[in-house]
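Overview (structure and organization)
Spelled out, the chains give:
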Amino acid sequence: MASRGPAGPDPNLSDEQPARLKARLELSPAASGYREDQRWTLARIVALSATMFPIRVATTTA
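Structural notes, computed from the coordinates. From a predicted model like this one, the values you see are computed outputs, not experimental measurements.

1. Here's the deal with the overall build of the chain
For the chain, the helix and strand inventory stands at two helices and zero strands. A total of 62 residues make up the chain; the buried ones form 16% of that total. Of the contacts made within the chain by residues no fewer than 6 positions apart, 36% connect residues no fewer than 24 positions apart. Total accessible area on the chain stands at roughly 5200 Å², and carbon and sulfur atoms take up 56% of it.

2. Focus on the pattern of salt bridges
Under the counting rule described, the total for this entry stands at five salt bridges. With its nearest N and O atoms 3.5 Å apart, the salt bridge here joins Arg20 to Glu16. The class for Glu16 is partly exposed, based on a relative accessible area of 42%. As a salt-bridge pair, Asp37 and Arg44 come within 2.9 Å of each other at their nearest N and O atoms. For Asp37, a relative accessible area of 22% translates into the label partly exposed. Take Arg44: its relative accessible area is 9%, and that puts it in the buried class. The network of salt bridges with shared partners includes Glu36, Asp37, Arg39 and Arg44.

Calculation criteria
Numbering of residues begins from 1 in every chain and follows the order in which that chain's sequence is written. Per-residue local features of the predicted model are confined to residues with pLDDT of at least 70, and side-chain atom pairs are confined, for both listing and counting, to 80 or more; whole-chain, interface and lining totals are unaffected and use all residues. Think of the side-chain values as coming from all heavy atoms in the structure, minus any hydrogens and water. Numbered from the N terminus, helices here are DSSP runs of H or I no shorter than four residues, and strands are runs of E no shorter than two. With a 1.4 Å probe rolled over the protein chains alone, any residue whose accessible area is under 20% of its type maximum counts as buried; one over 50% counts as exposed, and the rest are partly exposed. A contact between two residues is defined here by any heavy atoms of the two lying within 4.5 Å. Residue-level accessible areas treat just the shown protein chains as cover; the underlying method is Shrake-Rupley with a 1.4 Å probe. Here a salt bridge means any side-chain nitrogen of Lys or Arg lying within 4 Å of a carboxyl oxygen belonging to Asp or Glu.

The following block contains the structure:
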């Protein structure tokens, strides 16, 4: 039996979704509820994208 790949939705963003994410990132972390400091971290970007789009992003490294 051959694998059909991972189950679930296609992990790729549509053509317009990166522009939407970039626009939200340009507003500042405070605009997305992060008031303690004004830095975008990888964890915050992953959380923001999860609220905007029906995708999951893995942040683990080898």
